[in-house]
Amino acid sequence: MHNPYCEGIDGVLKAYESSLQRVRLDGPTNFAPIINHVAKFAEKQHGSGSCYFILLILTDGVISDMEATKAAIVKAAGLPMSIIIVGIGTADFTGLLFSVSVSIVLFAITVDNERCTC
C-alpha cells in the first residue's frame, strides 16, 4: 500500500480489502521488518497527537525472527501505535505469549474448531 493512512472504520476496511488482493502468505515469518517500518511512521508523528497507528498482523506461521520481533516491539512501545498479532490455523502460537515490560503484555489468541484460548 503506497498510502498507509486511512480514516475511520471504513478506511480500515478498505485498506484490509485492498491488502487481501495483494498479500501472499509465504515463509519465513519475519515480523520485525514490518514493525520497524510502521514504527518509522509513528516516530514522525510522535508528540503531535495527530495520528495513531494500528498494525494488524495476520499470520498462519510461527514467528521466525522472535528475538528481533521482541526488540522491535520494545523499541516501538513508546510510540503512538498498537501491534495486534493474530495467529490463524493450527500452528503453535504459544511463542507469541511474552511480556516485553511491566506495563505491556502481548496476547495471542488461537482459534480452531474446538477451542479459543487467550
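To be clear, the structure that these remarks concern was listed above.
Small disclaimer: the values here were computed from a predicted structure and weren't measured.

Visitor: Outline the overall build of the chain, listing residues and values.
Guide: Along the chain, the regular secondary structure elements total 3 helices and 4 strands. Every one of the 118 residues in the chain was classed for burial, and the buried ones make up 30%. Partitioning the contacts of the chain with sequence separation of at least 6, the portion at a separation of at least 24 is 70%. A total of about 8200 Å² of accessible surface is found on the chain, and carbon and sulfur atoms cover 57% of it.

Visitor: Outline the packing of aromatic side chains, supporting the account with residue identities and numerical values.
Guide: Given two aromatic rings, their pairing is described by the distance between the two centres and the angle made by the two planes. Summed over the entire model, instances satisfying the criterion amount to 1 aromatic pair. Ring geometry for phenylalanine 41 against phenylalanine 53: centres 6.4 Å apart, planes inclined by 35°, an arrangement best described as tilted. One end of the pair, phenylalanine 41, is in helix 2 (residues 32-45); the other, phenylalanine 53, is in strand 1 (residues 53-59), and 12 residues separate them in sequence. For phenylalanine 53, a relative accessible area of 8% gives the class buried.

The rules we used
Residues numbered from 1 in each chain as written. Predicted model: local features only at pLDDT ≥ 70, side-chain atom pairs only at ≥ 80, totals over all residues. Heavy atoms only, no water. Helix = DSSP H or I, 4+ residues; strand = E, 2+ residues; numbered from the N terminus. Buried < 20%, exposed > 50% of the residue type's maximum accessible area, 1.4 Å probe, protein only. Contact = heavy atoms within 4.5 Å. Areas by Shrake-Rupley, 256 points an atom, 1.4 Å probe, with all protein chains shown as cover. Phe/Tyr/Trp six-rings, centres within 6.5 Å; stacked < 30°, edge-to-face > 60°.

In short, shape yes, function no, at least from these values alone.
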